[in-house]
Amino acid sequence: MFGNFLDQFWSLTFGGLSLGFIYILIALGYTMVYGVLRMINFANSEVFMVGTFATIIIIRDVFKFTQTSEYATGPRLWLILGTALIASMLVSGILSVLIELVAYRRLRRMNSGILAPLISAIGVSMVLAESMRIMTDSRPVASPRAMEKSFIGKFFDADIRLDNTIIIVAAIILLAILMAFVNKTRLGKAIRAVSMNGNAAKLMGINIDGVVSITFLVGGLMTGAAGFFYVLKYENSSFSIGFELGIAAFTAAILGGIGNIKGAFYGGLVLGLLETYASFFLGTQWKAVTVFVILVLVLYTRPNGLFGEAMTQSRA
Amino acid sequence: MINLRDKGADIWERSNRIERTFIALGFIALAASLPFFGGTFLNTPIADYESVLVYPIAMFVLMAIGLNIVIGKSGLLDLGYVAFFAIGAYTMGLLGTRTSLNTWEILPIGIAMAMFSGVILGVPALKLRGDYLAIITLGFGEIVRIVALNLGTLGRSEGILNIPTPPSVFGVEYSFDSHRIYYWTLLILILFAIWMVRRLSVRRAGRAWESIRQDEDAAELMGVPTFKYKVWAFVLGASVGGAAGVFYASKTLFIAPDNFTLQISILILACVVFGGMGNIWGVILGAVILGYLPDRIRFLSDARLLVFGLVLVIMMNLRPDGLLPRKKREKPLPKQVQ
Amino acid sequence: MSNSIISLKNVTMKFGGVTALNDVTFDVKQGEILGLIGPNGAGKTTVFNVITGVYQITSGAIDFDGKSLSGTKRYKITKRGIARTFQNIRLWGDMTALENVVTATDTHKKSGLLSGLFGMPISRKEEKRDKARAQELLDFIGIGEYADRLARNLPYGVQRRLEIARALGTNPKLVLLDEPAAGFNPSEKVELAATIRKIRDAGYTVLLIEHDMSLVMKVSDRVVVLDFGQKIADDVPNKVQNDPRVIEAYLGVPEDAS
Ligand SMILES: Nc1ncnc2c1ncn2[C@@H]1O[C@H](COP(=O)(O)OP(=O)(O)OP(=O)(O)O)[C@@H](O)[C@H]1O
Ligand SMILES: [Mg+2]
């Protein structure tokens, strides 16, 4: 078994990295909102789910791919991928903003504590997942393959797959843009100011509602991108995908230390890799268990997450 | 709604011991006679009224009361409550089919197992801040289900079949379709849980939980052993969930991992919050409505969970403290303790 | 030295780059009222936080009643006899005033959850005793008539006093009061000064943070002055008042010197 593992180490690692980047992007939807509102954005998982379907619709219905179509190549391929990426980002981003308006905003104004928004978010998740279930007849939906998953090179003995490469490169570019946005632009700085100290930010005249909407938008955009990458990698989706990936991504956010972007990054990578390795040894059915056992161990030994601020300490 | 609650509390407070006993007995009698007033209009499309009264309604009420100790009283966000229900049910399933123990003998074992897992889960998890607790408990719930799904001894996805019904007590027979008997037994469990919660609420434990919920740091600094009381809340909540599980398995006679999904945790949580966290009557009302509603609106067939989700969103936005929120009114000024 | 109830020796508290307390040494003597003053951000509240275990000190030592406090859990520190109030009121708003104090008295109860559940006589007896005790404390602080009101609906001044009553409820040897007169008008301040003396006369030792100089100077037996985390004076009130370093520390902050 172990010899096998070494043989496959690099291909597993590439697969794990691309999964890790998907987690990172979804985790951003949790972590950025958490940073600003100190609240679990429970419905983010369904934002992801909708993103995957947006991608499938673009590939299947807009570009008319079927299971038997020929693969797209060259500029046409990039056009298709680009359109699908942007479409799922936009759909998810807008949905995320709407969810905030419908499910959270009123409750936030009323200062209702953390439970009421959580239940409200659970309600929204149910509405989204159930609508999708009804529309898809409770069945998983396959995405036609738009591109050939060719091997573009070798690393040690492992073949490097094109889709994994695209995911990793594109995700890094997106993250770089996000970092530039958060660190360099006025809006981004406002988000950071609110994350650090909401009251002070309010006193400085920052429009909190505006910042919250932008945060949900950005989180949704990133989560939507993850939806696209997911379909690219696994070529299917289902109404319950949000729940599965959402939990893992949330775990990733916590693993790294929720509330900060760096934490989502490391947490996502660590989780993507560990999960892939663990599935190799234990079989995929224990995947979720592994994830949670890791989470519990990390939280127990490092309650702040691997890279995060103190989460058990509080000030008096 | 608010007035109704306050009025009720007023009457209760003005009554003396004997009057209170009568009021309580009256309510118990009313609850116990529920199986008789169903009529057909309360039947749901999939099951007749009496069986719906047992599951989900009474079962949800019991679990919601248990979860309310954790969430409503102490403010600990537990998203994996179904785990304790599952542990109770599987204890019943395993011991009931493999040993000669009967339901009544297994009940304390199931409760103990649930409490024990409450400690195992609670001791590490309760050191963490609230949101972390939420996700850890959610994970725990999933782990229990996945373990059941993958372990041969627990029957994998087929679950456990042929679980025995409870043996008769005092000549009362439990047969598969004697819903009333099950309902009355559950009612006794519910009354016991209510008694426990009410009793604890007015004593040291209740104050400790309340102070933790409102300001944990202040509580700790005022000498409340917060960790110990959080673990207690967790374990007591687990015990109720475990009891519900044992009884559930002994009623349905067949359990499978699909009965213990995250959805159940969320539904019970919704009962607590929807009805009014911290207020036992609110919680009961919430459980009755949310237990009944999804079955009742089955005529919407496929869309019923969708509608249910909508109801949650709308309700939370209109009444974030639930239908019957916890007591906010004050006792009249003149009355003084001297 | 022998009669000091708590002593801080070379206590340093750093938050990342910020040194909130720098090598602070002083002690509080049994039965005295010690004033702790200093400009905003001087580190006064931090002294309370390190004593009560909210933060672990970076270096130094804190001894209470002859024994070190280091590593003691927060609620056990309270149990050992230190109680505090908070600068920004932190009552349990959804409990009545009386319940707030009774919860504090629970610190020393022998009965726990199970004896409460089964209605054991000890639990019943303690409940009764502590309710009476809590009412006594409310009366002692002068807010007895508010016993059955929810804490969050109480007038601001009553809330501040309730904080004190709650601290006394834990039956402490040492009471830490963090700006108990903040927001009070002059006549309320006079009343509070009397209350603080009454507390001391009832046998408690008091460590008092207060911005109002005249109040501090009037009630304190001794005053410790902090500035930028350092102790700059430690003496009887009228010596401190004339200490050039203290005057300098307060220059430019005239409203604090009033
Ligand atoms: N948890 C913390 N993290 C970082 N810095 C802190 C923390 N607590 C206190 N400080 C810093 O320590 C210094 C002393 O703060 P402290 O609250 O003790 O002042 P204070 O004397 O009580 O002031 P005030 O009169 O305004 O209440 C301040 O610079 C403050 O910013
Ligand atoms: Mg201060």
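Everything here concerns the structure above.
Residues numbered from 1 in each chain as written. Chains lettered and ligands numbered in written order. Predicted model: local features only at pLDDT ≥ 70, side-chain atom pairs only at ≥ 80, totals over all residues. Heavy atoms only, no water.

## Focus: the site of ligand 1
Line of reasoning, step 1. Close contacts around ligand 1 come from 14 residues, with Gly41(C), Lys44(C), Thr45(C), Thr46(C) and Gln87(C) the closest.
Line of reasoning, step 2. Around ligand 1, the neighbouring residues derive from chains A and C rather than from a single chain.
Line of reasoning, step 3. Within the backbone of Gly41(C), an N or O atom sits 2.8 Å from an oxygen atom of ligand 1.
Line of reasoning, step 4. Residue Ala42(C) places a main-chain N or O atom 3.2 Å away from an oxygen atom belonging to ligand 1. (Near = heavy atom within 4 Å. Polar contact = N/O pair within 3.5 Å; in protein donor to acceptor, adjacent residues only side chain to side chain.)

## Points about the coordination of the magnesium ion (ligand 2)
Residues and elements named next belong to chain C.
Line of reasoning, step 1. The protein atoms donating to the magnesium ion (ligand 2) are Thr45 (OG1) and Gln87 (OE1), with metal-donor distances spanning 1.9 to 2.1 Å. Taken together, the residues span a long stretch of sequence, with Thr45 in helix H1 (residues 44–51) and Gln87 in the loop between strand E6 (82–84) and helix H3 (97–105) at a distance of 42 residues.
Line of reasoning, step 2. In this structure Thr45 comes out as partly exposed when scored by relative accessible area, which is 22%.
Line of reasoning, step 3. On the basis of relative accessible area, Gln87 is assigned to the partly exposed category, the value being 33%. (Donors = N, O, S within 2.8 Å, 3.2 Å for Na, K, Ca; no water. Helix = DSSP H or I, 4+ residues; strand = E, 2+ residues; numbered from the N terminus. Buried < 20%, exposed > 50% of the residue type's maximum accessible area, 1.4 Å probe, protein only.)

## Some remarks on the environment of Lys154(A)
Residues and elements named next belong to chain A.
Line of reasoning, step 1. If you trace the backbone, Lys154 turns up in strand E2 (residues 151–155).
Line of reasoning, step 2. A relative accessible area of 56% places Lys154 in the exposed class.
Line of reasoning, step 3. Measuring from C-alpha to C-alpha, the distance between Lys154 and Trp10 comes to 9.7 Å, with 144 residues separating the pair along the chain.

## Some details on the sheet that holds strand E7 (residues 174–178) of chain C
All names here are of chain C.
Line of reasoning, step 1. Across the sheet, which stays open at both edges, the 6 strands sit in the order E6-E7-E8-E3-E9-E10 with mixed pairing between neighbours. Of all strands in the sheet, those with a lone pairing partner are E6 and strand E10 (230–235), marking the two edges. If you compare each strand with its neighbour and ignore which way they point, the axes differ by 20 degrees on average.
Line of reasoning, step 2. The sheet contact formed by E7 and strand E8 (residues 205–209) spans 5 bridges and is parallel. Paired with Leu174 across the two strands is Thr205, which belongs to E8. (Pairing = 2+ DSSP bridges. Axes fitted to C-alpha atoms, helices over the stretch in contact; angles between N-to-C directions.)

Take it as geometry only, folks, not as evidence of what the structure does.
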